[in-house]
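# Chain and residue survey
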Amino acid sequence: MSQTDDLTDPEVIDQPYEYFGRLRETEPVYKNEMWDGWIVTRYEDVRQCLQDDEHLSVQVEADRLRDSSLDIPQTKEMFPKWIIYLDPPDHTKLRRIIGEAFNPEMVANQRAEVEEVTNSLIEEMEQQAPGEIEFIEQFAHQLPVHVICKIMGIPLEESDDLGKWSTDIGLTLFHYYNADNRHERTEQSIREFTQYLQEVVKDRRENPQDDLISYLNQAEADGEQLTEDEVVATAVLLLFAGHETTTKLLANGVLELQRHPEQMQLLREDPSLAPKAVEEILRYQGTSKSLTRGVVKDFELRGKQIEAGDRILLSQAAANRDPRKFDDPDTFDITRGSMEHLGFGHGTHHCLGAPLARLEARVAFSQLVQAFPEMKLATDEIEWTRSPLVRGPEELPIQL
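The structure reproduced in this document is the subject of the present report.

Read from one edge of the open sheet, five strands run β1-β2-β10-β7-β3, paired in mixed fashion. Looking at the sheet topology across the chains shown, the edges are occupied by β1 (29–32) and β3 (56–57). As defined by bridge partners, strand β7 (residues 290–295) adjoins strand β10 (residues 311–315) across five bridges and the pair is classed as antiparallel. From the neighbouring strand, R293 faces β10, where its bridge partner is I312.

What follows is the structure, given as structure tokens:
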């Protein structure tokens, strides 16, 4: 694989572990002139940067979009309100509110719903066996969207619109550079998503229910409630993140279990391995490949002078296969069970939805391998999401 600074190059997209892995071993803090920023690839360094709120900022990335010449006013207004683009102390208030909603008891209470939806989807798939299905469309998308709609109090019949809006938002958020009219599509979907949720939020203020939008309307942090705009923005993010990234996790997991049939057999024989299997999928083929930060204060990393105003790309993909941290890191082993991977980030911005995503994946993988012992890939050609930040197959045809 030839050296390139183009992070959207097909080889870099298709084989990120080779590209970023080579940087990790030869130049772990690398100035990428084409991207106009630094790439950090070793586990210790990526982890350190993820918890460094003194020198690094997520808000700078939102400011960069806001200050750009792009004519996308709705997007520029929405993204800076999201917790993923807020630095402390603004981040602290919102995280406390959302974190209380996604507490262990709430997540545990979703198990029956997750199992019921999983069983229902498997029954629909069984009607097509033996035959071929498109796994993402028929399962990986359906499970998380059912669950997050239930939690948020959104009618399931709205899920098609939610799916379209979320896909379009991802085009800009995840930098799908090759997508046609990606900024325009994001702008239109944010406008429609916002208009829809404004009505839902207003209704829940007048008619509270046992759902997350009602909770956000009423929640307080330090005696202060969220504004209506903050509730809408947070609801957009939770509905988007609640299924878009988990869909990729489920697809990546089934793909790797198919590519490693001996591991799938281990899980089939011992369903108690499901939690370890999920952690290994997050490490070996996680949804999140990289996270970006803006530099707000000069610092030095491995002899390189990083200056305020610079950008940093933190490669989780490379860090999670760093041999300094993980033994035999390029081997997929569901008995490994390490939870020290960075698949959900680390530090202040560690993913709040991680417990729910873990629950959905554990239930899904353990039940799928039992229901379809002959399941196998129906293609050798995988087209990967054309993003430098997230990873997942565009389609996943499965023979049941």
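What follows concerns helix α10 (residues 142–152). Quick reminder: α-helices carry 3.6 residues per turn. Residues three or four places apart thus point the same way. Summarising burial for α10: eight of the eleven residues are buried, a large majority. Where α10 is concerned, the buried positions are L143, P144, V145, V147, I148, C149, I151 and M152.

Further remarks concern the sheet that holds strand β11 (residues 376–377). The sheet built from three strands is open, its strands ordered β4-β12-β11 with antiparallel pairing. Of all strands in the sheet, those with a lone pairing partner are β4 (132–134) and β11, marking the two edges. Pairing geometry for β4 and strand β12 (residues 397–399), over three bridges, is antiparallel. Of the residues in β12, the one forming a bridge with E134 is P397.

What follows deals with the pairing of β10. With five of its five residues buried, β10 lies for the most part within the structure. Both faces of β10 are covered, namely the face carrying R311, L313 and S315 and the face carrying I312 and L314.

Look at the link from P88 to P89: it is a cis peptide, with omega at 10°. Relative to the helices and strands, P89 is located in the loop between α5 (73–78) and α6 (90–101). The omega torsion of the bond from A129 to P130 falls at -10°, within 30 degrees of zero and hence cis. For P130, the position within the fold is in the loop between α8 (111–126) and β4. Residue H175 is not a glycine yet carries a positive backbone phi of 60°. Following the sequence through the fold, H175 ends up in the loop between α11 (159–173) and α12 (182–206). Assessed through its relative accessible area of 23%, H175 is described here as partly exposed. Here the phi dihedral of N181 falls at roughly 55°; this positive angle occurs in a residue that is not glycine. Inspection of the secondary structure puts N181 in the loop between α11 and α12.

About the cut-offs
- Residues numbered from 1 in each chain as written.
- Predicted model: local features only at pLDDT ≥ 70, side-chain atom pairs only at ≥ 80, totals over all residues.
- Heavy atoms only, no water.
- Pairing = 2+ DSSP bridges.
- Helix = DSSP H or I, 4+ residues; strand = E, 2+ residues; numbered from the N terminus.
- Buried < 20%, exposed > 50% of the residue type's maximum accessible area, 1.4 Å probe, protein only.

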